[in-house]
Structure formats: structure tokens, C-alpha cells
Protein chains: 2
Amino acid sequence: MIDKTSPLPIYYQLVEWIKGLIERGELKPGDSLPSEREYAERFSISRMTVRQAITELVNGGYLYRQKGVGTFVAEKKIEQQLMGLTSFTEDMKSRGMEPSSKLVGFEIVPAPSYISHQLNIMEHAPVYEIKRIRLADGIPMALEKTYISANLVKGLTEETVQHSLYHHIENQLAIKIEEATQVLESSVATQQEAEYLNIQKGAPILLIQRNTKLADDTPLEVVKSSYRADRYKFMITLKR
Amino acid sequence: MIDKTSPLPIYYQLVEWIKGLIERGELKPGDSLPSEREYAERFSISRMTVRQAITELVNGGYLYRQKGVGTFVAEKKIEQQLMGLTSFTEDMKSRGMEPSSKLVGFEIVPAPSYISHQLNIMEHAPVYEIKRIRLADGIPMALEKTYISANLVKGLTEETVQHSLYHHIENQLAIKIEEATQVLESSVATQQEAEYLNIQKGAPILLIQRNTKLADDTPLEVVKSSYRADRYKFMITLKR
DNA sequence: TGCATCTACTGGTATAGACAACTGTACTTA
DNA sequence: TAAGTACAGTTGTCTATACCAGTAGATGCA
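Within every chain, residues take consecutive numbers counted from 1 along the sequence as written. By the order in which they are written, chains take letters starting at A while ligands take numbers starting at 1. At least 70 in pLDDT is required for a residue's local features to be given in this predicted model, at least 80 for side-chain atom pairs to be given and counted, and no such filter applies to totals for whole chains, interfaces and linings, which use all residues. Hydrogens and waters are ignored; side-chain quantities use all the structure's heavy atoms.

**A few points about the overall build of chain A**
Condition: Each helix is a run of DSSP H or I of at least 4 residues and each strand a run of E of at least 2, with the numbering of both proceeding from the N terminus. Throughout, a contact is declared for two residues whenever any of their heavy atoms are within 4.5 Å. This count recognises Lys and Arg as positive and Asp and Glu as negative, with His and chain-terminal groups excluded. Think of each charge as sitting on NZ of Lys, CZ of Arg, CG of Asp or CD of Glu.
The helix and strand tally for chain A stands at nine helices and nine strands. Each principal axis of the C-alpha distribution contributes one length, and for chain A these read about 70 × 45 × 30 Å. Taking as baseline every contact in chain A between residues at least 6 positions apart, the subset at least 24 positions apart corresponds to 56%. If you average the places of the 30 positive and of the 31 negative side-chain charges in chain A, the two averages end up 5 Å apart.

**With respect to the protein's contact with DNA strand D**
To be explicit about the condition: Residue proximity to a molecule or strand is established when one non-hydrogen atom of the residue lies within 4 Å of it. We call two N or O atoms a polar contact when they sit within 3.5 Å, provided that within protein one can donate a hydrogen and the other can accept it, with sequence-adjacent residues counted only if both atoms are side-chain atoms. Amino acids outside the nonpolar list (Ala, Val, Leu, Ile, Met, Phe, Trp, Tyr, Cys, Pro) and the charged list (Asp, Glu, Lys, Arg) are all regarded as polar, and Gly is one of them.
Lining the immediate surroundings of DNA strand D are 27 residues, of which Arg37, Arg47 and Arg65 of chain A together with Ile10 and Thr49 of chain B lie closest. The protein-proximal atoms of DNA strand D, defined as those within 4 Å of the protein, are 63% sugar or phosphate. Taking Ser46 of chain B, its main chain carries an N or O atom lying 2.9 Å from a phosphate oxygen of DNA strand D. Those elements that place two or more of their residues in the surface near DNA strand D are helix H2 (36-43), helix H3 (47-59), strand E1 (63-66) and strand E2 (70-73) of chain A together with helix H1 (10-23) and helix H3 (47-59) of chain B. Residue contributions to the surface near DNA strand D peak at four residues, all from H3 of chain B. Here the residues of the surface near DNA strand D sort into eight nonpolar, nine polar and 10 charged.

**Quick look at the environment of Leu135 of chain A**
Examined against the element boundaries, Leu135 of chain A turns out to sit in strand E4 (residues 126-136). Taking the C-alpha atoms as reference points, Leu135 of chain A and Tyr196 of chain A, 61 residues apart in sequence, are found 11 Å from one another.

**Describing the protein's contact with DNA strand C**
Taken together, 27 residues lie near DNA strand C, and Ile10, Ser46 and Thr49 of chain A together with Arg37 and Arg47 of chain B sit nearest. Counting only the atoms of DNA strand C within 4 Å of the protein, the fraction contributed by sugar and phosphate is 66%. The separation between a phosphate oxygen of DNA strand C and a polar side-chain atom of Arg51 of chain B is 3.1 Å. Between DNA strand C and the protein, one listed contact pairs a phosphate oxygen with a side-chain N or O atom of Arg65 of chain B at 2.9 Å. Mapped by element, the contributors of at least two residues to the surface near DNA strand C are helix H1 (10-23) and H3 of chain A together with helix H2 (36-43), H3, strand E1 (63-66) and strand E2 (70-73) of chain B. Looking at the surface near DNA strand C element by element, the count peaks at four residues for H3 of chain A. Residue composition of the surface near DNA strand C, grouped by class: eight nonpolar, nine polar and 10 charged.

**Considering the interface of chain B and chain A**
Selection criterion: Any Lys or Arg side-chain nitrogen found within 4 Å of a carboxyl oxygen on Asp or Glu counts as a salt bridge.
With 33 residues of chain B at the contact, the number on the chain A side is 33 residues. Where chain B touches chain A, the interface holds two salt bridges. Between Lys233 of chain A and Glu185 of chain B there is a salt bridge; the shortest N-O distance is 3.4 Å. On the surface where chain B and chain A come into contact, there are seven residue pairs in polar contact (both at pLDDT 80 or more). Sorting the residues of the side of chain B that touches chain A by element identifies helix H4 (77-86), strand E6 (177-188), strand E7 (204-214) and strand E9 (234-239) of chain B as the ones contributing at least two each. At 12 residues, the largest contribution of residues to the side of chain B that touches chain A is made by E6 of chain B. A class-by-class count of the residues in the side of chain B that touches chain A yields 17 nonpolar, seven polar and nine charged.

**Here's the deal with the packing of H2 of chain B against H3 of chain B**
All names here are of chain B. Here is the rule we go by: Helix axes are fitted only over the stretch in contact, all axes being lines through C-alpha atoms; the angle between N-to-C directions runs from 0 to 180 degrees. Put simply, a crossing is left-handed when the front helix is turned counterclockwise from the back one by less than a right angle, and right-handed when it is turned clockwise.
Remark: H2 packs on H3, axes separated minimally by 8 Å, with the N-to-C direction vectors making an angle of 115 degrees. For H2 against H3, the interelement crossing comes out right-handed. Contacts between H2 and H3 involve Glu36, Arg37, Tyr39 and Ala40 on the former and, on the latter, Arg47, Val50, Arg51 and Ile54. Residues belonging to the contact of H2 with H3 are distributed by class as follows: four nonpolar, no polar and four charged.

**Some remarks on the relation of the copies chain B and chain A**
As a reminder of what qualifies: In superposing the copies, a least-squares fit is computed on C-alpha atoms, taking residues whose pLDDT is at least 70 in both.
After a rotation of 180 degrees and a shift along the axis of 0.1 Å, chain B superposes on chain A with an RMSD of 0.4 Å. The transformation just described matches what one would write down for a two-fold rotation axis. When C-alpha positions in chain B are compared against the rotation axis, the closest is assigned to Ser186 of chain B, at 2.4 Å. A shared binding surface is used by both copies, with 100% of the interface residues of chain B retained as interface residues in chain A.

Right under this line is the structure:
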């Protein structure tokens, strides 16, 4: 576990070890860690060294401390960030509206060629196509289409999709989400989008495409969201 | 400077003090700090306490360390982030294109009402209106209009604008840029935009508006950029 | 002159110990 | 029963010290 003769710093070995426990799911979000003193004793190292390791993990967002109580595993980071940036739910709530979601399509289809390319699978290989309408106060705001390779993620059901898709995926694959890229562009509504969103064909649309990758660089999903431009703006805040 | 009887932790006092030096410009980007040992001696505190303070500032992006050499003041953070997210220059270069910029308007005008509102000034108060066209490989990609209160920033010239606007502003105001908000939306080209960008009126446009605030919460500028939707997409990457 | 070496400095890692501040639980007391 | 108290355990802060590793400049030699 900890090798004092290694050229790698002790605190760094501890960082990597704990990170591993979290990534392999042996420590789950909300779990408490052994106390700093316990780690120090267990590995026969100084408590300050343990603190250095834990401080790194806290800064990295893996853990959080609670004075007088203990140290705990934090929620997963990317999911947080994805939320922070694109969560329809959060956005709408902050504007005082009531968000909801309606599943309007769930099937396995042969991948359209540009999707197969982005998911790095064979053309026409089977993919889940999950269509949702996002509403705020009951008004349609966006059409969201999610594509996931059916050979990669198995056993998706309408049930799963309605609840925690990410959780199901990470559990099944035992590989964590590593990176997400979002591309925003301006476009005009297609016939299909116009129907679902209750607008004119050709009306301005904000297209947001998110590509999510796993830790081993496998593309996991492509999510295409079409937002009504008259009702939705995308906001980012940068703080010093 | 450092008050050992204060209820505030010593390392925290040191963090705030150094942060103050940087924000007041007494320490400029690239400047070297006294060594950790020197700080420890000067304030009669332990070197580990000094390290704790400096580590915080390093994590916060204010400083960076160089082993065997010293500790230095980092470049300003927001400017970096603004660059990372919206820099036309960076974006175009990464796509292998040659970015350039053409100043097409520089005048002082009475603020349009929505601008005066966002800059928190009187309606019709004078503002600089700076119009630029952004080009890639000589092709117009975006029209960018910047509004800055003329009562806040004085003595702007066409010269200054062509070079380092931010630098000039921070020097003159002695207040740092604190926060920036970006709003992206989809729209269609107005007559003016169509002319400048050489597209049809009504063609899809990606509107990006950036509002920058100073540390004391004064709005500094409003930048409205209109990008050709057929040529420009906005990308964000989230890494774990 | 040019190269190697020495030296004095920097930050990086690690120890062992001390006390403070905070929290939850178990116990005592009115 | 309800409120207060004591205690044990946690993280937070701080000290004094030691040695390692990297860097730059001075020194000395061929």
C-alpha cells in the first residue's frame, strides 16, 4: 500500500491509493474515511503527511472535511460540473420555473453515420435513441436526443432512463466518466423540432451537443439538445 | 501585518495580506516573492505556516512555485479564463486558421437604454461604442460591439483599443476585473449584421454577450458578439 | 576560453508533538 | 423528562527541525 522506500512521495502514494478506492467504488460518495490519526498509525507515518494527502484530495474535489466530525467522499465531479453547466433542472429552478421532462421516444436503432462516427462504432451498429422533451412550467423548451451504443451499455429500460441514467451506466461499466465536450451553435428548427417544441419550422434554435467520454477514452454518449431560442439562453459565469 | 493575538489563523492573515499586495499591484505578474524562509523569519512564524499560506495562493491561481528558484506571481486569472472560453484568436488558431481583427467603429454615443441598464449608469450617459469585425483567413466570422462607460474609463483612443484594452483599463482604474458572465443565444441576423458579415439578413446567428464586472461590483463592459452560425461553434470542455 | 565543480540558495517532503475548536454521545442533575 | 455537562474523538492550526532535490552563479582548473 505505502512503500517508504519508493522514490514517490508518501503523501502522493496515499493520494493515489485513496483515489483508487473511490474510483473502484470501494468508497462511495457520502462514506466516511478513517480519521487522519488512524491513517497515520496504520501506515506508521506522520499525521501531517496524511493531512497533505487528504488536502490534495479535498482540493481535487474527491473528499470534503467536516470539522469535529470527519472526512467524507464527495459526489462525483463531472456529474456536478455537467449539472452546473447544462442542467435544465437547475437552470429552470433558478428562474423560478418548474422543470419537468417527458420521455417521447425510447428505441434501439441503427446508428446514423455521424453518430456512429462520434461514438466510434461501426456504421449502422445498434444504438439506444432516447428522446425527451424538457418543459418549464409545462411549456416545451427543448428536445433532447441521447445516443448510447447498445453494445456498450446493456439492459437499459424506459424505467432506468427516467431515473438515474448515469448511475446505472457507471455501475454497469465500472469505468468512470472522464470528460465531456459541449458544442453550442445556432441553427433553425427542422420539421420534427418545430412539432415537438410547438414553434414554426425555421425558427431560431440553440443547438447544444454534449459528447461524454469514459476514462479509457471510449465515447459514451452523444446528447443533442435543441432549445427554443426565444425561451432559452445559455449562461456561464467565470469568477476570480 | 501579522497579528498573533488575532482569532484569525496566521496563515490566513498571510494569505489575505499577499493577496492584497497582488490586487493593489504592489506585486505584479512575474514578480518573485521573498523565500518561505525569509517570510518565516520576518514574521517570526514557522516555515510550515508560511507554506500553508502560499500553498493556498498557489491553488487559488495567484502564485506559482518553481523548485530551486522561487515563488512568483501568476498571470491574472479571469483574463486567462476569458481567453480559454471565448478567445477568438485561440479558437481560430487551434483550427489552423489565421485570426485577425478590423476596427470598424470607435465613437462615444449616448447609451442605448438596455446598455445603460446593464452598465448601471444613467440612460443616455456617454459610452464608448467599439465595433470590430473578427476575421479568420480574411473571412468575416463575427461582429463584436463593446460598450464601456466613458465616465468610468477615460482617454480611450483608437490606438489603445487596437492593442491591450484590458491592460489599459486595469492600470487606469486600479481596480481589478472580478467576474464575467456570458450568455449565449441563438438568433437571426439583423440588416447591419448581415452587411458586416456578408450573409443574408435572417440567417442564423450565435449571439454571445459578455458582461464584465470589477471587484467592487461596478459593471465594466458589455461585449456583444454576433457569430455566423454556419462558420462558428462554441465549445466547452469539462475535465475530471 | 570553456568546462567542471562547488556552494548557497530555493522549494519539496517528512517527522513528532502540542493545543484549539468543534461535534456527537453518554451521563448527570434538577 | 428535559436540560445541562463531561468526555472522547474529530479536524484545524502551529511549531521546530531535518534532510532531499533542483537551480543559478561563483570559483577554479585545464
